[in-house]
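Structural characterization, general
Letter by letter, the chains look like this.
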2 protein chains.
Amino acid sequence: MRDVSIIGVSMTRFAKRFGISMAELGCEAAVGAMKDAGVNRTQLEAVHCGNIFLKQPGQAVMDQVGVSGVPVFNHENACASGSAAFYNAWLAVASGAYDMVLAIGAESMTSHISGLIAVPEGESLDFDSGLTAPMMFGQVARLHMEKYGTTHEQMAKIAQKNHDHSTKNPFAQYQKSFPLEEILASRLVADPLTLLECCPIGDGAAAAVLCSDRVARKFRSDPVHVKSAIFTSGEYQSDPDPDVVELKACRVAGAKAYEIAGIGPQDLDVLECHDCFSFHELLVYEDLGLCEKGMGGVYIDENRSGMNGDVVFNTSGGLLSKGHPIGATGVGMIVEIVWQLRGQATGRQVEGAKVGLTHNGGGGTDKVSPGSMSINILTV
Amino acid sequence: MRDVSIIGVSMTRFAKRFGISMAELGCEAAVGAMKDAGVNRTQLEAVHCGNIFLKQPGQAVMDQVGVSGVPVFNHENACASGSAAFYNAWLAVASGAYDMVLAIGAESMTSHISGLIAVPEGESLDFDSGLTAPMMFGQVARLHMEKYGTTHEQMAKIAQKNHDHSTKNPFAQYQKSFPLEEILASRLVADPLTLLECCPIGDGAAAAVLCSDRVARKFRSDPVHVKSAIFTSGEYQSDPDPDVVELKACRVAGAKAYEIAGIGPQDLDVLECHDCFSFHELLVYEDLGLCEKGMGGVYIDENRSGMNGDVVFNTSGGLLSKGHPIGATGVGMIVEIVWQLRGQATGRQVEGAKVGLTHNGGGGTDKVSPGSMSINILTV
C-alpha cells in the first residue's frame, strides 16, 4: 500500500441554504478543492461522494463540475457518510489503482429531511419507541453522571467552547458565543442535553483531493499526509450488562490509528470530533485516550481541550456550531485539520500544529447497533 | 495489487417477494455465500453492499447475519449498485488492506419503489420530459434500425432467447418460454420495445465472498479468479452530433478489461450482460466486440449468443427474465458466471466454460448523463 497525501481541500459555509441544491453545494466544494490542489477536471481519476438523501449524488455533483469518464461512487453510512467517501478515496490511492481521487461530502438537509435520518431498515424497534439519537446520548450522559460524578455543567462547557471556536470560523453555521448559563437554560431536548448542546440541521459540502505521497509535491509544497485511515463498525456486546458509557468502536479504531501512525494521544495538536451532542465530545476525551475513563468532566474543567489546552478539540466549532450537514461532516473535518496543519486556520490557528485527528461516527452507537466509526490521523 | 479470487457465491430467487424485507433477502444471500466459501462470521473483514432505496442497507443485512466490528460500506450507483459493491470489495482485497471481503447486493423493489429509480438530482429535464429508460432505449433502437437495417424481430429474438434460458434457472423471476410472435405482440412499452422485451420489477439478493488468490485454495479447490475489474462512467460528448447507437463507456471499459485479462472477445465462453431491454443486449454484442458495429441483428439471427453459440449470453435469463432487483443485479451476474465456471449451472451449463464476463450499467447512457459502467472478467 502506498502513502497518501491530501493536496487540496475546500468547503462551503455550513448553513441553512434554502433553495441551493446539493449538487450546487457539492460543485462549489469540489471546484474549490481542485483549485486548491492545482488539479484540473481531466486529472481526476475517480470520485467518492458521501450523502444520505439522494440517488447518485456524486453523479449530480460531477455533472455540475463537468467531470465524466471516471468512476463515481456514492457512500451512505449515516453521519459517517463523508468519512466513508474519504476512506474509500484513500484506499483507492493507497492501493495503487488510482493516482488522483476526489473525496466529497455534500448534503442539503433543508431540502430533503424527512423522518429519522440514521435508522437502518429492520432496526426500528429502538427508534420507534423514541430512542432517537438525542435520547440515546441523553441517557448515556445520565449514566456517566451517576457512575463518575460528571456534571451537566461540564458537558455544557464543551458546547460553550465549541460555540466560542465557531466565532472565528467563517465557514461555521453559527458564529456566536453563549454564556454557560444560557446554554444550561436553553430548551431541554433530551435530559440533560439542552438545545445549545445539540447539533443543528443544515446544508453544506466539503471536498479533498488525494494523491500518492510520491507525486504530491508536484502539486503543492505543503501536502498533508494521511498517516492512518481507519473505518470500522461497533461490535455487538456479548456481555449482558455492558459498560454503556464506553465507546468501544472509538477505542478500538483509535488504538489502531495510533499504532499505524506510530504516535500516541499525547502527540496530537488538533482534533475534530463528532460532537453531535456536547456529551459525545466528553466521551471522546476518554475513549481516544486523552484522559482516564471517567475523567472527561475534569478534562474540560481544566480547559485541556480548549485553545491553549493539550489538544485543541473542534477549532472549527464542531458539529455543535460549525454544523452537521450529514454527508458533508466527515470531509469537513478533514478540511479543518488540513487548514490547521498548513497554518491556514486564520483566527483560530493552533500555532505549530503538526499532528491532527478526525473522529466521525454514524448510525447508532456500538451498544445499540453496529454503527460506523472513522478515525484518520493527518500530519504535515 | 494482489490477485483476487471468488470463493463463495449465493443468491435468492429473484421474484416479487411481498412482505420479505431487503435485510431478510440480503441475509439469505450473505449466509449462503459464506457457507459456500466455508467462511464464518468472524472471518469477514469488510462488507460492501449495493442497494438503491434504503439507508444503511449493509448494516441492516449484517444485523440479520450477526456480523459486527468490521467496516460496512453502502453503494448506490443506480442499476450498477451491486457492481459498485463488488468492485470496491475487489479493490479492498486487491489493495492488500483486507483478506476476506463480502460483496452483497440486495433490493426489495416491491416494498420501496416510488417515482423514477435512476435519476440523479439536478438532471430531471430529460426525465421530466418523459425520456425515461424505456423511452431512451426505444429511441436508440429505432435509430439503430434506420442506420443498420436492424429489425424489431431481431431484438425480440434476444428476449425469446433469454426467456428460454430462464426456464432452466430456478433462481429466475420468470421461468417461461414465449413464441416470438407473442413477444412481438405483447403490449407496446416504448416503440419498438414490447412488454416481454423489458425487464420486470422484483426483489432479491446476491452475494460473493472475495479473498486473495494466495489463500483462496485453503477455502475451496475451485476458486474463480477476477482477471479484470473495471468500473467507470460514460463521457460527455463534445461532438454536437454524436453516434448515439454506440455505447462508448462499454467499448472503453471492455477494451480495458480485455487488455488487463490478456484475452479478447473470442476467448469468452459465457457472458451476463445488462439486457434491461432486448435491444441493449444487441448493442453489447457490438460494443464488446463480439461482432462488427451494426451487425448485432445478424449476430442474434445466427444464434451466436445462444446456448450453442460463440459466447452464451445470459444463461441466467438476464435482466429480462431472471429479473432486475436493482441493487442485486451486478452481484447476481457474478453469481451466475461463477456457477458456470465451476460447472454448477445445472440445466443451463455451458460445457467447459472457462472464461466469463459480466457487463452492468447504471444511471443513464453515456449520451444522456455519465452513467456507471462495470465490466468484470472471471476465469477458472
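Data block above holds the structure.
Attention in this report is confined to the structure presented alongside it.

Scoring rules and cut-offs
Residues numbered from 1 in each chain as written. Chains lettered and ligands numbered in written order. Predicted model: local features only at pLDDT ≥ 70, side-chain atom pairs only at ≥ 80, totals over all residues. Heavy atoms only, no water. Helix = DSSP H or I, 4+ residues; strand = E, 2+ residues; numbered from the N terminus. Rg over C-alpha atoms; globule rule 2.2 N^0.38 Å. Contact = heavy atoms within 4.5 Å. Areas by Shrake-Rupley, 256 points an atom, 1.4 Å probe, with all protein chains shown as cover. Lys, Arg positive; Asp, Glu negative; His and termini not counted. Charge placed at Lys NZ, Arg CZ, Asp CG, Glu CD. Least-squares fit on C-alpha atoms with pLDDT ≥ 70 in both. Buried area = accessible area lost by both parts, 1.4 Å probe. Salt bridge = Lys/Arg side-chain N within 4 Å of Asp/Glu carboxyl O. Polar contact = N/O pair within 3.5 Å; in protein donor to acceptor, adjacent residues only side chain to side chain. Nonpolar A, V, L, I, M, F, W, Y, C, P; charged D, E, K, R; others polar. Phe/Tyr/Trp six-rings, centres within 6.5 Å; stacked < 30°, edge-to-face > 60°. Buried < 20%, exposed > 50% of the residue type's maximum accessible area, 1.4 Å probe, protein only. Pairing = 2+ DSSP bridges. Expected span 1.5 Å × (residues − 1).

1. Describing the overall build of chain A
Helix and strand counts for chain A stand at 14 helices and twelve strands. In terms of C-alpha radius of gyration, chain A reaches 19 Å, essentially the compact-globule figure of 21 Å for 380 residues. The C-alpha extent of chain A, read off along each of the three principal axes, is 55 × 45 × 40 Å. Expressed as a percentage of contacts within chain A between residues at least 6 apart in sequence, the contacts between residues at least 24 apart total 78%. A total accessible area of about 12400 Å² is found for chain A, and carbon and sulfur atoms account for 50% of it. Of the side-chain charges in chain A, 29 are positive and 43 negative, and the distance between the mean point of each set is 7 Å.

2. With respect to the relation of the copies chain A and chain B
Least-squares fitting of chain A to chain B yields an RMSD of 0.0 Å, with the superposition described by an axial translation of 0.0 Å and a rotation of 180 degrees. A rotation of that kind, with that shift, is consistent with a two-fold axis. Closest approach to the rotation axis among the C-alpha atoms of chain A is made by Ser-95 of chain A, whose C-alpha sits 2.1 Å away. The residues that chain A uses at the interface reappear at the interface of chain B in 96% of cases, marking a shared surface.

3. So, the environment of Gly-69 of chain B
Position of Gly-69 of chain B among the secondary structure elements: in the loop between helix H2 (57-65) and strand E3 (72-75). Separated by 83 residues in the primary sequence, Gly-69 of chain B and His-152 of chain B have C-alpha atoms spaced 53 Å apart. Setting aside residues no more than four positions away along its own chain, Gly-69 of chain B makes contact with Thr-232, Ser-233, Gly-234 and Glu-235 of chain A.

4. A word on the interface of chain A and chain B
Facing the 54 residues of chain A at the interface are 52 residues of chain B. Together chain A and chain B conceal approximately 4100 Å² of surface at their shared face, both sides included; 50% is due to carbon and sulfur atoms. At the surface where chain A touches chain B, the tally comes to zero salt bridges. On the surface where chain A and chain B come into contact, there are 16 residue pairs in polar contact (both at pLDDT 80 or more). When residues of the side of chain A that touches chain B are traced back to their parent elements, those giving at least two are helix H1 (22-37), helix H2 (57-65), strand E3 (72-75), helix H3 (81-94) and strand E8 (224-233) of chain A. For the side of chain A that touches chain B, the per-class residue count stands at 28 nonpolar, 20 polar and six charged.

5. Some thoughts on the packing of aromatic side chains
As enumerated under the stated definition, the model contains 16 aromatic pairs over all chains in all. Seen from their ring centres, Phe-73 of chain A and Tyr-87 of chain B are 5.7 Å apart, and the 15 degrees between their planes marks the pair as stacked. Of this pair, Phe-73 of chain A sits in strand E3 while Tyr-87 of chain B sits in helix H3 (residues 81-94), each in a different chain. In this structure, Phe-73 of chain A and Tyr-87 of chain B share a single accessibility class: buried. Aromatic pair Tyr-87 of chain B and Phe-231 of chain B: ring centres 5.9 Å apart, planes at 50 degrees, arrangement tilted. Here Tyr-87 of chain B is found in helix H3, whereas its partner Phe-231 of chain B is found in strand E8 (residues 224-233), with 144 residues between them in sequence. Tyr-87 of chain B gets classed as buried once you look at its relative accessible area, which sits at 4%. Residue Phe-231 of chain B is classed as buried on the basis of its relative accessible area, which comes to 3%. Three or more aromatic residues link up through ring pairs in this structure, and these residues are Phe-73 of chain A together with Tyr-87, Trp-90 and Phe-231 of chain B.

6. With respect to the pattern of salt bridges
Taken as a whole, this structure holds 36 salt bridges over all chains when the rule is applied. In this structure, the salt-bridge partner of Arg-348 of chain A is Glu-336 of chain A, at a minimum N-O distance of 2.8 Å. Note that Arg-348 of chain A is positioned in the loop between helix H14 (326-342) and strand E11 (355-362) and Glu-336 of chain A in helix H14, a separation of twelve residues in sequence. Of the two residues, Arg-348 of chain A and Glu-336 of chain A, both sit in the buried class. Residues Glu-281 of chain B and Lys-161 of chain B are paired through a salt bridge, measuring 2.7 Å at the closest nitrogen-oxygen approach. One end of the pair, Glu-281 of chain B, is in helix H11 (residues 278-287); the other, Lys-161 of chain B, is in helix H7 (residues 152-166), and 120 residues separate them in sequence.

7. Observations regarding unusual backbone geometry
Residue and element names in this part refer to chain A. A cis amide bond links Asp-191 to the next residue, Pro-192, at an omega of 5 degrees. Mapped onto the secondary structure, Pro-192 falls in the loop between strand E5 (188-190) and strand E6 (193-194). The phi angle at Gln-56 is positive, at roughly 50 degrees, despite the residue not being glycine. With respect to the helices, strands and loops of the structure, Gln-56 is situated in the loop between strand E2 (46-50) and H2.

8. Structural notes on H2 of chain B
Counting buried positions over the nine residues of H2 of chain B gives seven, a clear majority of the element. Among the residues making up H2 of chain B, those that are buried are Pro-57, Gly-58, Gln-59, Ala-60, Val-61, Met-62 and Val-65 of chain B. Looking at the packing, one finds that the buried side of H2 of chain B touches strand E12 (372-379) of chain A together with helix H1 (22-37), strand E2 (46-50), E3 and strand E4 (100-108) of chain B. Backbone geometry just after H2 of chain B places Gly-66 of chain B at a positive phi near 90 degrees.

9. With respect to the pairing of strand E1 (residues 4-11) of chain A
Residues and elements named next belong to chain A. Burial analysis of E1 places eight of its eight residues in the buried class, the great majority of the element. Where E1 and E8 come together, three bridges link them in antiparallel fashion. Looking at E8, one finds that Ser-5 is bridged to His-225. Inspection of the sheet shows E1 paired to strand E7 (residues 203-212) by seven bridges, in the antiparallel sense. Each bridged residue has a counterpart across the sheet, and for Gly-8 the counterpart in E7 is Val-209.

10. Structural notes on H3 of chain A
All names here are of chain A. For H3, with 14 residues, the first-to-last C-alpha span of 20 Å sits near the 20 Å given by 1.5 Å per residue. The buried fraction of H3 amounts to 14 of the 14 residues, a majority that puts the element mostly inside the structure. Looking one or two residues past H3, Gly-96 carries a phi angle of roughly 95 degrees, positive in sign.

11. Considering the pairing of E8 of chain B
Regular strands place their side chains on alternate faces of the sheet. Residues and elements named next belong to chain B. Within E8, nine of the ten residues are buried, which leaves the element mostly enclosed by the surrounding structure. Sheet analysis places E8 next to strand E12 (residues 372-379), joined by eight bridges and oriented antiparallel. Across the sheet, Ser-228 pairs through a bridge with Ile-377, a residue of E12.

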